Amino acid sequence: MSKALTFTAVAGSALVAYAVYFDYKRRSSPDFRKTLKKKSVKQQKLAAKEHEDTKKSKLDAIKKALTADLEANPVPTDLSEKENFFMQQVALGEQLATVPDKKIEAALCFYKALAVYPNPTDILGIYQRSVPEEVYEIVVMMIAVQPPAAVTNILGAGGAAGAGAGEPEIKPSEEDLD
């Protein structure tokens, strides 16, 4: 038993000595610190690139899903059809939002409901409060990729109203300023 105890003590001492030596090299060697710093920077760059690639692939997937779904199932233009369509899409979107693998499909439903809603800013506020955050972010990405007609009408009207709604702008003369 004393041989096993002696062997264990020697092995433990060697392990502690190696740890102390490694720690000393880590603290005192500038080359070692530089290599650690380089590895850290390289890992950060790779992580940033991977995050950017993931974001781009997600945006491409959303763009493809949106265009394919809008081509297959166009948004109605008749007022009575819009009301029924809105209610169906919101109900379906709420059901799909609870399923983990159906986030994009749920966002498509909410996007189409937004496309037929007369005041999209109101419905976006409601979505932000009631829809899961992941689904809401996908809806916002879809709006950025292909804004619905209701959103472009508001943006166009807001720009025209801000510019004086087509009326020429009257500038004061220097005499008026004095």
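Everything that follows concerns the structure shown earlier in this document.
Bear in mind that the values here come from a model prediction, so they are computed numbers and not experimental data. (Residues numbered from 1 in each chain as written. Predicted model: local features only at pLDDT ≥ 70, side-chain atom pairs only at ≥ 80, totals over all residues. Heavy atoms only, no water.)

What exactly am I supposed to notice about the packing of aromatic side chains here?
Note on aromatic pairs: each is described by the distance of the centres and the angle between the planes. Under the defined criterion, the tally for this structure stands at two aromatic pairs. Ring centres 5.1 Å apart and planes at 35° place the aromatic pair F86 and Y117 in the tilted group. On the criterion of sequence distance, the pair formed by F86 in helix α3 (residues 79-97) and Y117 in the loop between α4 (103-116) and α5 (120-130) is long-range, its members being 31 residues apart. (Phe/Tyr/Trp six-rings, centres within 6.5 Å; stacked < 30°, edge-to-face > 60°. Helix = DSSP H or I, 4+ residues; strand = E, 2+ residues; numbered from the N terminus.)

Please clarify how the nonpolar core should be interpreted in this entry.
If you look at the biggest cluster of nonpolar residues, it comprises 27 residues, and the most contacted ones within it are F110, Y127, V135 and M142. Among the secondary structure elements, those contributing two or more residues to this core are α2 (30-72), α3, α4, α5 and α6 (133-145). Among the elements that line this core, the one with the most residues is α4, at nine residues. (Core = buried A, V, L, I, M, F, W, Y, C linked by side-chain atoms within 4.5 Å. Buried < 20%, exposed > 50% of the residue type's maximum accessible area, 1.4 Å probe, protein only.)

Help me understand a nonpolar patch on the surface in this model?
Together, Y18, Y21 and F22 line one region of the surface with nonpolar side chains, adding up to about 370 Å² of accessible area. As for its position among the elements, Y18 is in helix α1 (residues 2-28). Classification of Y18 as exposed rests on a relative accessible area of 54%. (Patch = residues over 30% accessible without salt bridge, like charges linked within 9 Å, V, L, I, M, F, W, Y side chains within 5 Å. Areas by Shrake-Rupley, 256 points an atom, 1.4 Å probe, with all protein chains shown as cover. Salt bridge = Lys/Arg side-chain N within 4 Å of Asp/Glu carboxyl O.)

Quick question: what am I supposed to make of the side chain of K112 here?
Among the structural elements, K112 can be located in helix α4. Among the polar contacts made by the side chain of K112, one reaches the side chain of D69 at a distance of 2.8 Å. Sequence-distant contacts of K112, defined by excluding residues within four places in its chain, comprise D69, L70, N73, F85 and Q89. (Polar contact = N/O pair within 3.5 Å; in protein donor to acceptor, adjacent residues only side chain to side chain. Contact = heavy atoms within 4.5 Å.)

Would you mind going over the packing of α2 against α4 with me for this structure?
Angle between the axes and distance between the axes are the two parameters that describe a pair of packed helices. Where α2 meets α4, the axes come as close as 11 Å, and the angle between the chain directions of the two elements is 55°. Judged by the angle between their axes, α2 and α4 are oblique. With respect to the hand of their crossing, α2 and α4 are arranged in right-handed fashion. Packed against α2, whose contacting residues are I62, A65, L66, D69 and L70, the element α4 presents I104, L108, Y111 and K112 at the interface. Across the contact of α2 with α4, the residue classes break down as seven nonpolar, no polar and two charged. (Axes fitted to C-alpha atoms, helices over the stretch in contact; angles between N-to-C directions. Parallel < 35°, antiparallel > 145°, perpendicular 65-115°, else oblique. Left-handed = near helix turned anticlockwise from the far one by under 90°. Nonpolar A, V, L, I, M, F, W, Y, C, P; charged D, E, K, R; others polar.)

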